[in-house]
Amino acid sequence: MKYMKLGTRPDTFYTEEATRSVVTDTPSDLVIQINNISYLLHKFSLLPKCGLLQQLCLDSDNSNTVTIDLHDIPGGEDAFELCAKFCYGITINLSAHNFVSALCAAKFLRMTESVEKGNLVLKLEAFFNSCILEGWKDSIITLQSTVKLLEWSENLGIIRRCIDSIVEKILTPPAKVSWSYTYTRPGFKKHQQSVPKDWWTEDTSELDIDLFRCIITAIRSTHMLPPQLIGEALHVYACRWLPDTTKVIPPETSGSQTENVAGKNKILEAIVNMIPADRGSLSVGFLLRLLSIANYLGTSAVIRTELIRRCSLQLEEASVNDLLFPSHTSSELHFYDIDLVMSVVQSFMVLWRRQSPGPAQNAEFLRSIRKIAKFIDSYLQVVAKDKNTPVAKMVALAEALPDVSRKDHDDLYKAVNNYLKEHHDLSKTDKKQLCKILDCQKLSPEVRAHAVKNERLPLRTVVQMLFFEQEKGLRPGDHQELLFKGKQTQITDNLSSLQLGLEEQSSRVEGLRKTAVSETRISDGQKMKKTDNKPMHELDKRVKPEIEEPETVKRKETREEGGSGSIKLESKKVITRRLDHARDNKGRDR
C-alpha cells in the first residue's frame, strides 16, 4: 500500500475534555465547532489556505475571536483535523484509507490553488493519480471508503475513476499481472504457480454490493471475460457475505438481526440479477445453495422462482451432496429440506413436458430424466435415514418423476428399506403408503429375493411379489418343462399355501382358492394361459385383514434345477400357522 507524508513539524494537538488545542504561546482567535468537539485554532495558520474560512471570517462581526460551525464538513472532525494540521505544517500520513475523507474535506474548505499555491487539494489529486489509481489494492480500498461519502465521491469523480482503474486491471491478461493480490484458495502458492484467471475475485468481494455490481456491470459490458469467470466472482462474493445454509442456523428475530437479514436479502437479490444468462455460468450446486439461502432469508417469490427455474435447467448436472440442505422452517421437524428439492424437480418436469422433442431427440430426453431419477433415488436413500423425515414427503418426491424415468426400482427399494430400518414404529397405513411407490415388476431378481425375506416389509407387498414370481415363472415353455420334471405339484402347493390357510374360515376364500389353483392346471397338449391379475387383486382384497398382520413370515429363495428362479416358501406349516393366528385375531375382534 502506498503512503504520502506531508509536513515536518511534530504533532502539537492535544485534547482537554471536549476541546482540541494546539500547543503555542499565541492565544487562540478561531474556534471551530464540529459536532461535540471545539477546536481552538489560529487565523494566521488556517485562513491563508482555506477559502471557506476566509469568507466566513469576513462575514463575522467579531474581529477578535471568531466561532464557526462546520458540522456538515465531509469526513467529520477526523478529516478536518488532517486539513488543520496541514495548515500548521504538522506531519500527516495519507493513504487509501483516509484519502477520500481528506480530499472531500479539502474541497469543502476550498484548499485549492486559487487560494494558495501548493495547496492540499493539488497534493491529494497528485497522490490519487500517481499512487492510488496505479495500485490494485489501493484502488479497491479507496473505492470501498467512498461508501461513507457517496455523494461527494460521486461528484468529485472518485468512484468512476476507481472503477475504471479496477476494471482495466481485471481485463489485463493474467500473464501480465505484476501487482499484489489476495488469493487464498487451498493448495495455491503464488511463487510456484502462474496467475489464475480469477485472481481478482477475492479482493473485489470486499466491496459494498452496489460498488461490486458496478464493477461486474462494467466488466460484462466489455464482453472480454467468459460468463464462467463472472459466475466465479459471484460465487466468491456470496461465500463472503451470505450465510452458510449447509449448517443448522437458528432463526433471527431481534431488531438488529432483522436489519441484517434485510441487508443480506439485498445482496442475494443483486447476485441473482447479475447471473449471466449463459447456461453453466454458475454450477447447479451453487444455484441450489442460493435457493436454500433465499428460503432461509425469506427472499421475495420472484427471486425464488428465478432460482428454481435456473436450478431446474441444470438439474441433470447435480449430485446428491448438492441437494443436502437442512430445513430452516420452524414449523417442520424434519432435518433435510425436501421441499427445496421437490420444487426444483417439479419445475424440471414442467419444462420437460412443455418441450416436444422429435424422434431423434427422444433418446436424449429419456437419458436426461433417467439420470435425474437415479440421483433423486440416491437422495431418498440418504434422507430416509433421518428419523424426522415424513413418509408423505418421501412418497411425494418419489412420485414426482414419471414411470418412464426409472428402468428399475432397485434404488427406490433401497430407499424404502432404509426408511423402514430407521422408523421401527411406523404404522400399517404409513408402511402401505411408502411401499406403494414400488413396482415389483421393475425389481431385479436379486432385489426381489431380498424383499421376500425382508421382515420389515408388510405381508401384502411380499405376497404381491410372490404372485409376480409365480406369474413370471409359469410361461408356456417353462410350464411344460416343469411339468415334465414333476415340478407342477410343487408350484401349485406353493401358491395354494397362501390360499388354503383361510379354507376353514370362509367358503368364499375356498372358492377363490380353487379358481386360482385351477388356472395353473392345464392339460399336457394345451397351452397355459397367463395368470389374470384380477384374481390376485381380489384375493389380496378379501384376505387383507389377515395378510397385513405385522407377524413376520420367513421366506427363502431357491432356484429349482431347470426353472426360472421361482421363490419357494421355506415352510408351509409356518405360513399356515401365521394365517391361523390372523384368523383367530379377526374372530376375537368380531
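Please read all numbers here as calculations on a predicted model, not as lab measurements. (Residues numbered from 1 in each chain as written. Predicted model: local features only at pLDDT ≥ 70, side-chain atom pairs only at ≥ 80, totals over all residues. Heavy atoms only, no water.)

### Some details on the overall build of the protein
The test is simple: Elements are defined by DSSP. Helices are runs of H or I of four residues or more, strands are runs of E of two residues or more, and each kind is numbered from the N terminus. Relative accessibility thresholds used throughout: buried, under 20% of the residue-type maximum; exposed, over 50%; partly exposed, between the two (1.4 Å probe, protein chains only). Only heavy atoms matter for contacts: two residues are in contact if any of them lie within 4.5 Å across the pair. Throughout, the Shrake-Rupley method with a 1.4 Å probe supplies accessible areas, and for residues the shown protein chains are the sole cover considered.
Helices and strands together make up the secondary structure of the protein, namely 27 helices and nine strands. Within the protein, the proportion of its 590 residues that are buried is 48%. Of the contacts formed within the protein by residues at least 6 apart in sequence, a portion of 71% connects residues at least 24 apart. Taken as a whole, the protein presents about 30100 Å² of accessible surface, with 50% of it coming from carbon and sulfur.

### Considerations on unusual backbone geometry
Positive phi values are uncommon outside glycine, yet N35 reaches one of about 55 degrees. Tracing the chain through its elements places N35 in the loop between β4 (30–34) and β5 (37–41). On the accessibility criterion, N35 (43% relative accessible area) is partly exposed. At R110, a position not held by glycine, the phi torsion is positive, near 60 degrees.

### Examining the environment of N265
Position of N265 relative to the elements: it lies in helix α12 (residues 255–274). The residues contacting N265, other than those within four sequence positions of it, are L297, G298 and T299.

### Here we look at the pairing of β5
Rules: In this description, strands pair whenever DSSP reports at least two bridges between them.
Both strand β3 (residues 19–22) and β5 contribute to a ladder of three bridges, which runs parallel. Across the sheet, T19 pairs through a bridge with S38, a residue of β5. Taken together, the five bridges between β4 and β5 define a ladder with antiparallel strand orientation. Residue V31 lies in a different strand from β5, and its bridge partner there is L40.

### So, the nonpolar core
Across soluble globular proteins, nonpolar side chains have a tendency to be buried as a group. Note the cut-off: To qualify as a nonpolar core, a set must consist of buried Ala, Val, Leu, Ile, Met, Phe, Trp, Tyr and Cys residues joined through side-chain atoms within 4.5 Å.
Ranked by internal contacts, the top residues of the largest apolar core, which has 154 residues, are I32, L41, L70, F80, L109 and M111. Counting residues per element, this core draws most heavily on helix α13 (residues 284–297), at ten residues.

### So, the packing of aromatic side chains
As a reminder of what qualifies: Pairing of aromatic rings covers Phe, Tyr and Trp, the last through its six-membered ring, and needs centres within 6.5 Å; plane angles under 30 degrees mean stacked, over 60 mean edge-to-face, and all others mean tilted. Placement of a positive charge over a ring is assigned whenever Lys NZ or Arg CZ falls within 6 Å of the ring centre and within 35 degrees of the normal to the ring plane.
The tally for this structure, following the rule as stated, stands at twelve aromatic pairs. Ring centres of Y39 and F80 lie 5.2 Å apart, and the angle between their planes is 65 degrees; this geometry places the pair in the edge-to-face category. Of the two residues, Y39 sits in strand β5 while F80 sits in helix α3 (residues 76–88), which places them 41 residues apart along the sequence. Accessibility classification places Y39 together with F80 in one group, the buried group. In this arrangement the basic side chain of K85 is found over the ring face of F13, its NZ or CZ atom lying 5.7 Å from the centre. Between the NZ or CZ atom of R240 and the centre of the ring of W241, over which it lies, the distance is 4.2 Å.

### Looking at the side chain of N119
The condition is simple: Two N or O atoms form a polar contact when they lie within 3.5 Å of each other; inside protein one atom must be a possible hydrogen donor and the other a possible acceptor, and for residues adjacent in sequence the pair counts only when both atoms belong to side chains.
Mapped onto the elements of the fold, N119 is located in the loop between α4 (99–108) and α5 (120–132). Looking at N119, its side chain comes within polar contact range of the main-chain oxygen of M111, at 3.5 Å. Ignoring sequence-local partners within four residues, the contact set of N119 consists of K49, F86, M111, T112 and E113.

### Brief notes about the pattern of salt bridges
When charged atoms on two side chains of opposite charge get close, those side chains can pair. Rules: Salt bridge, as used here, is a side-chain nitrogen of Lys or Arg placed within 4 Å of a carboxyl oxygen of Asp or Glu.
Taken as a whole, this structure holds 20 salt bridges when the rule is applied. Where K85 meets D11, a salt bridge forms, and the shortest distance between an N and an O atom there is 2.9 Å. Here the residue K85 occupies a position in helix α3, and D11 occupies one in the loop between β1 (3–6) and β2 (13–16), the gap between them amounting to 74 residues. In this structure D11 comes out as partly exposed when scored by relative accessible area, which is 45%.

### Let's talk about the environment of T19
Looking at the element boundaries, T19 is found in strand β3. Linking T19 and I37, residues 18 residues apart in sequence, is a C-alpha distance of 5.8 Å. Residues contacting T19, with those up to four places away along its chain left out, are Y14, S38 and L40.

### Digging into the confidence of the model for the protein
When pLDDT is low, close inspection of the predicted coordinates is not appropriate. Selection criterion: Values of pLDDT, ranging from 0 to 100, describe the predictor's confidence in every residue of the model.
Here the protein averages 81 in pLDDT, and 75% of its residues register 70 or above. Residue range residues 474–578 is modelled with pLDDT below 50. Its contacts to residues more than four positions away, or to other chains, number 144 contacts.

### Re helix α8 (residues 158–170)
To be explicit about the condition: Expected helix span is computed as 1.5 Å times (number of residues minus one).
For α8, with 13 residues, the first-to-last C-alpha span of 18 Å sits near the 18 Å given by 1.5 Å per residue. For α8, the set of buried residues is I158, I159, C162, I163, S165, I166, V167, K169 and I170. Residues of α8 that are buried sit in contact with α4, α5, α6 (136–145), α7 (150–155), α9 (201–204) and α10 (209–222).

### As for the side chain of D411
In this structure, D411 sits in helix α18 (residues 410–422). With a relative accessible area of 11%, D411 lands in the buried category. Apart from the residues within four sequence positions on either side, D411 is in contact with K374, D377 and Q381.

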